[in-house]
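# Coordinate analysis (summary)
Chain residues, written in single-letter form:
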Amino acid sequence: MLKRTLAALIVALTAFCGGTAQAEPLKLTFSTGSVGGGFFAVGSGIAGFASQKIPGISITAISAAGVVESINRLEQGKADFAMLNTQDPPLAWEGKAPYKKQYRNMRGMGILYMQAAQPYTLKSSGIRTFKDLKGKTLSVGAPGGTMHLDFFRWVEANGLDPKKDFGKVLFLPASEAMEAVKTGQVDVAVELSSIPSPQISELSILRPVHILEFLPGARADMMQKYPQYLPTTIEKGAYNGIDQPIETVGTGAMFACRADLPDDLVYEIVKTVYSQEGVDYLGNVIAALKSMSPNLAVSYKPIPLHPGAERYFREIGLIKD
């Protein structure tokens, strides 16, 4: 079957809806993350840039409680694109816990950047390591997300039981969690995001902060048990209050789309985002994307790439098999 060009696709879809390609752009949605969080900023930036550069499409970024909600939206056709981490998609693909079925209506478009585990607190709190969390009040991620599952693995590696060792556990969106730390309602908020994190940066302008440290040997043991985590360092000066490098762990952040989106549409979006202009622009306006590159995009494939994305990466010589 001959592939329709992107332009023909837009004309066909808009004509079906009773409009014209010039008057009615193809409207698409991009599921991101909680307002104020890293996924929201990155997804919004990509949606805006692609909408500006590709004639005939308009991508709207919408907030999401977390990766689980975004995966469900792709599965149900309620979003066209989504920001995802690299831990959940392969679990959802195979129907492994915490997912109760296989989610197959999603395809990768590329790894965007690396995320770091950054549970943070005010430096004045006296909390330094995961061991100091006993009896404390914590925000462990947005409602409906899976960040708390990552956090509980880090905690267990440091010898604590997340079911009984905390004083209180709250589920707050990123911006609300930061405010709660600032006002003293929460002792520690969990972040798994780019360096620098928008929330931690904002807070550290007002008050020095500290990122929780793994106990000696705990990080290496956990990475051996959970190989999806990679060694990551938060460098001295990353935030006000970080006076020496902090060894933590990291994962990837990726963007994905519905499996049934046309190849030409996905090809054009991936080509635009990973063009030199796209890499330069997005890296300048969004700190998390400073390290974005086509090479990073295909360095790991948690789920199969969309054929349109694969076509672009083959075209530039990064996929050869």
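Residues numbered from 1 in each chain as written. Predicted model: local features only at pLDDT ≥ 70, side-chain atom pairs only at ≥ 80, totals over all residues. Heavy atoms only, no water.

### So, the overall build of the protein
- Secondary structure assignment for the protein yields 12 helices and 12 strands.
- At 20 Å, the protein has a C-alpha radius of gyration in line with the 20 Å of a compact globule built from 321 residues.
- Its C-alpha atoms give the protein principal-axis dimensions of about 65 × 40 × 35 Å.
- Sequence-distant contacts in the protein: of pairs separated by 6 or more residues, those separated by 24 or more amount to 73%.
- Surface exposure of the protein reaches about 14100 Å², of which carbon and sulfur atoms provide 54%. (Helix = DSSP H or I, 4+ residues; strand = E, 2+ residues; numbered from the N terminus. Rg over C-alpha atoms; globule rule 2.2 N^0.38 Å. Contact = heavy atoms within 4.5 Å. Areas by Shrake-Rupley, 256 points an atom, 1.4 Å probe, with all protein chains shown as cover.)

### Concerning the packing of aromatic side chains
- Scanning the entire structure with this criterion turns up 15 aromatic pairs.
- Residues F49 and Y281 carry aromatic rings whose centres are separated by 5.2 Å and whose planes lie at 20° to one another, so their mutual orientation is stacked. Of this pair, F49 sits in helix α2 (residues 38-53) while Y281 sits in helix α10 (residues 276-285), and the two are 232 residues apart along the sequence.
- We classify F49 as buried; its relative accessible area is 3%.
- Judged by relative accessible area, which is 38%, Y281 ranks as partly exposed.
- Here the aromatic rings of F130 and F214 are separated by 4.9 Å at their centres, their planes lie at 55°, and the arrangement is tilted. Of the two residues, F130 sits in the loop between β5 (120-122) and β6 (137-139) while F214 sits in the loop between β10 (209-211) and α8 (218-225), which places them 84 residues apart along the sequence. Each of the two residues, F130 as well as F214, counts as buried.
- Ring-pair connections join several aromatic residues into one group, and the members of that group are F130, F151, F152, W154, F166, F214, Y226 and Y229.
- The ring of Y103 carries K101 above its face, with NZ or CZ at 5.0 Å from the centroid. (Phe/Tyr/Trp six-rings, centres within 6.5 Å; stacked < 30°, edge-to-face > 60°. Buried < 20%, exposed > 50% of the residue type's maximum accessible area, 1.4 Å probe, protein only. Lys NZ or Arg CZ within 6 Å of the ring centre and 35° of its normal.)

### Considering the pairing of strand β2 (residues 57-62)
- Of the strand pairs in this sheet, strand β1 (residues 26-31) and β2 are connected by six bridges, and their pairing is parallel. The partner of S31 across the bridge, within β2, is I62.
- The β-α-β motif built from β1, the intervening α2 and the parallel element β2 has right-handed crossover chirality. (Pairing = 2+ DSSP bridges. Right-handed = clockwise from strand over helix to strand, strands pointing away.)

### Details of the nonpolar core
- Formed by 56 residues in total, the largest nonpolar core has its most connected members in L112, Y274 and F313.
- Every residue in contact with F313, bar those within four places of it in the chain, is listed here: M109, V270, Y274, P294, A297, V298, L305, L318 and I319.
- Formed by 23 residues, the second largest nonpolar core is a distinct cluster that contains A117, W154, F166 and Y226. (Core = buried A, V, L, I, M, F, W, Y, C linked by side-chain atoms within 4.5 Å.)

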